[in-house]
Amino acid sequence: ICDRFIRCLHGICNVNSGYPPFATILVQRVLYELPKLAGEIKTQALEILMWRATHIPDLFRELKIKDLASLIRRFAPQTQSVVLSILTALCPTMRAVDVAWCLPMVTDSCHNHTDLQVRSLYFQLLMTVYDIKLRTEEADFMDTNDAADQEVADNNHLKALQQLVLGFADASASIRNAVANFFHHDSRLHHHTDMRLRHVLSKLYSPGAESSFLQTATSMLLKMTEQSPDFNSNLFQNPLADCERYPINIDAAWQHRNQHLTPLFALTQQTQASGTQAQTQGNPQGGPMLRQTQASLMFTPTQATFQPGLAPSQ
């Protein structure tokens with residue numbers, strides 16, 4: 001009877017083809033029967049709660065009593081997807097200590113999940129947790145009566161940031177693009193080039209995503225070019241096929257190409273080395289030879305003949 005009740009209520013309250021508000025008057029019955037359910041029926045019961053998550057008072061406390069931890073750790077992609085959707089909907093109104101209670105379990109169960117939908121919903125939950133502090137700062141609101149709760153909220157923000165950075169190294173391109181578009185907003189990373197560079201180096205680096213950090217940093221810096229009005233315009237007015245071509249003579253000699261790296265007097269040294277090699281090859285004995293005094297000097301003497309005890313000639 002319980003399974004039939006859940007199936008009928010699921011069909012009536014389906015968000016796509018039914019009337020979800022109808023479940024409001026039967027929420028307590030669904031929560032009462034939830035621990036007894038299993039398999040697909042349990043998933044359907046959670047979907048009924050998901051469709052009315054923001055309208056059910058103290059839903060997180062009720063689910064916590066109904067062993068929410070086992071639902072998070074349960075390796076069933078459909079059930080975990082529904083639980084993550086419920087937590088994402090409730091997260092903005094949850095206390096910081098409640099977020100801190102469930103965030104480590106969600107991270108351990110979903111950050112390396114094989115199901116793409118579960119990982120996508122997991123990163124959406126992290127984005128919601130990360131934005132809680134930003135919305136609080138924008139509203140200029142701070143609970144000064146509970147400094148410990150504020151410290152827990154800051155810790156949740158930091159943990160969400162550390163896990164979101166790992167999304168840049170995810171195997172799915174859709175998740176990588178979603179994380180990149182999330183951080184590209186001016187409330188998360190500054191749109192000025194110098195400040196954006198500082199934020200990228202200080203926020204988006206994580207040892208777990210070090211292999212993709214260079215690609216991530218370059219992408220986040222170059223993404224600002226999309227704001228230019230000329231971003232979508234063509235680089236050239238005319239296509240390459242319509243361009244006129246002119247012949248250009250290029251001197252490919254290595255002496256001119258590497259002239260700035262050629263040491264001084266290289267040609268002179270090469271000439272002397274060639275002459276010495278020719279003399280060695282002409283020696284029939286093949287032994288060492290005494291160098292003859294040069295008859296013709298390669299360079300003009302810069303100093304007069306010097307004799308000991310005499311001053312240089314004027």
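In this text the structure is predicted, and so the values were computed from the model without any measurement. Residue positions are given per chain, counted from 1 along the sequence in the order it is written. The predicted nature of this model means local features are confined to residues of pLDDT at least 70 and side-chain atom pairs, given and counted, to a pLDDT of 80 or more, with totals for whole chains, interfaces and linings taken over all residues. In computing side-chain properties, one takes all heavy atoms of the structure into account and sets aside hydrogens as well as water.

**Examining the pattern of salt bridges**
For this document, the term salt bridge refers to a Lys or Arg side-chain nitrogen within 4 Å of an Asp or Glu carboxyl oxygen. Applying the stated criterion to the full structure yields eight salt bridges. Note that Glu 62 and Arg 61 form a salt bridge whose closest N and O atoms lie 3.6 Å from each other. Think of it in three bands: with a 1.4 Å probe and only protein chains considered, a residue is buried below 20% of the maximum accessible area for its type, exposed above 50%, and partly exposed in between. By relative accessible area, Glu 62 is classed as buried at 17%. In this structure, Lys 223 and Glu 226 form a salt bridge, with 3.7 Å as the shortest nitrogen-oxygen distance. Given the relative accessible area of 15%, Lys 223 is considered buried. Using a relative accessible area of 42% as the deciding quantity, one classes Glu 226 as partly exposed. Beyond isolated ion pairs, a larger network of salt bridges with shared partners links Arg 29, Glu 33 and Lys 36.

**Observations regarding the nonpolar core**
Buried Ala, Val, Leu, Ile, Met, Phe, Trp, Tyr and Cys residues form a nonpolar core when they are joined through side-chain atoms within 4.5 Å. Counting 66 residues, the largest nonpolar core has Leu 49 and Phe 183 as the members making the most contacts within it. Apart from the residues lying within four places of it in its own chain, the contact partners of Phe 183 are Tyr 130, Leu 161, Leu 164, Phe 168, Arg 188, Leu 189, Leu 204 and Met 220. The contact rule is simple, with two residues in contact once any of their heavy atoms fall within 4.5 Å.

**Let's talk about the side chain of Ser 81**
Inspection of the secondary structure puts Ser 81 in helix H6 (residues 77-90). Exposure remark for Ser 81: the relative accessible area of 6% places this residue in the buried category. Within 3.5 Å is the distance limit for a polar contact, defined as a pair of N or O atoms, with the added protein rule that one can donate a hydrogen and the other accept it, and that residues adjacent in sequence qualify only through two side-chain atoms. Within polar-contact distance, the side chain of Ser 81 engages the backbone oxygen of Pro 77 at 2.7 Å. To qualify as a helix, a DSSP run of H or I must reach at least 4 residues; to qualify as a strand, a run of E must reach at least 2; elements of each kind are numbered from the N terminus.

**As for the packing of aromatic side chains**
The geometry of an aromatic ring pair is captured by the separation of the ring centres together with the interplanar angle, meaning the angle of the planes. Only rings of Phe, Tyr and Trp enter the pairing, Trp through its six-membered ring, and a pair is recorded when the two centres are within 6.5 Å. The plane angle decides the type: under 30 degrees is stacked, over 60 is edge-to-face, the rest tilted. All told, the structure shown has seven aromatic pairs when counted by the stated rule. Taking 5.2 Å as the distance between ring centres and 90 degrees as the angle between the ring planes, the aromatic pair formed by Tyr 205 and Phe 213 counts as edge-to-face. With relative accessibility at 38%, the residue Tyr 205 sits in the partly exposed group. Phe 213 gets classed as buried once you look at its relative accessible area, which sits at 18%. Within the aromatic cluster, the residues linked to one another by ring pairs are Tyr 130, Phe 168, Phe 182 and Phe 183. Put simply, a charge is over a ring when the Lys NZ or the Arg CZ is close to the ring centre, within 6 Å, and near the line of the ring normal, within 35 degrees. Arg 29 extends its terminal NZ or CZ atom over the ring of Phe 5, reaching a point 4.9 Å from the ring centre. Note that Lys 64 overlies the ring of Trp 101, its terminal NZ or CZ placed 4.6 Å from the centroid.

**Quick notes on a nonpolar patch on the surface**
Every patch collects residues that have over 30% relative accessible area and no salt bridge, joining them within 9 Å if they carry like charges and within 5 Å if they are nonpolar side chains (Val, Leu, Ile, Met, Phe, Trp, Tyr). Here the accessible surface of atoms and residues is derived via Shrake-Rupley with a 1.4 Å probe, and residues count as covered only by protein chains that are part of the display. A surface patch of nonpolar side chains, about 440 Å² in accessible area, is lined by Ile 12, Tyr 19, Phe 22 and Ile 25. Its location among the elements puts Phe 22 in the loop between helix H1 (2-12) and helix H2 (27-33).

**Describing helix H12 (residues 213-222)**
Taken together, the buried positions of H12 are occupied by Phe 213, Thr 216, Ala 217 and Met 220. Projection of H12 onto a plane perpendicular to its axis shows the buried side chains occupying an angular sector of 95 degrees, all on one side. For H12, exposure combined with an orientation more than 90 degrees from the buried face picks out Leu 214, Gln 215 and Leu 222. Along its buried surface, H12 packs onto helix H10 (173-183) and helix H11 (193-203). Arc, as used here, means the arc of the directions from the helix axis to the C-beta atoms.

**Considering the environment of Leu 116**
Note that Leu 116 resides in helix H8 (residues 116-138). With relative accessibility at 39%, the residue Leu 116 sits in the partly exposed group. The spatial distance from the C-alpha of Leu 116 to the C-alpha of Ala 171 is 9.5 Å, given a sequence separation of 55 residues. Leaving out residues up to four positions away in the same chain, Leu 116 has contacts with Ser 172, Ser 174 and Ile 175.

**Here we look at the packing of helix H3 (residues 39-51) against H6**
For helices, the fitted axis covers only the stretch in contact; all axes are lines through C-alpha atoms, and the angles between them, taken along N-to-C directions, range from 0 to 180 degrees. Packing of H3 against H6 leaves a shortest axis separation of 9 Å and a crossing angle of 15 degrees. Here H3 is positioned roughly parallel relative to H6, judged by the angle of their axes. Of the two possible hands of crossing, H3 and H6 adopt the one that is left-handed. Residue-level contacts link Thr 43, Leu 46, Glu 47, Leu 49 and Met 50 of H3 to Gln 78, Thr 79, Val 82, Val 83, Ser 85 and Ile 86 of H6. Looking at the contact of H3 with H6, its residues break down into six nonpolar, four polar and one charged. Oblique is the label for any angle not covered by the other classes, which are roughly parallel (under 35 degrees), roughly antiparallel (over 145) and roughly perpendicular (65 to 115). By convention, the crossing between two helices is left-handed when the near helix turns anticlockwise from the far helix through less than a right angle, and right-handed when the turn is clockwise. Note on residue categories: nonpolar means Ala, Val, Leu, Ile, Met, Phe, Trp, Tyr, Cys or Pro, charged means Asp, Glu, Lys or Arg, and polar means any other residue, Gly included.

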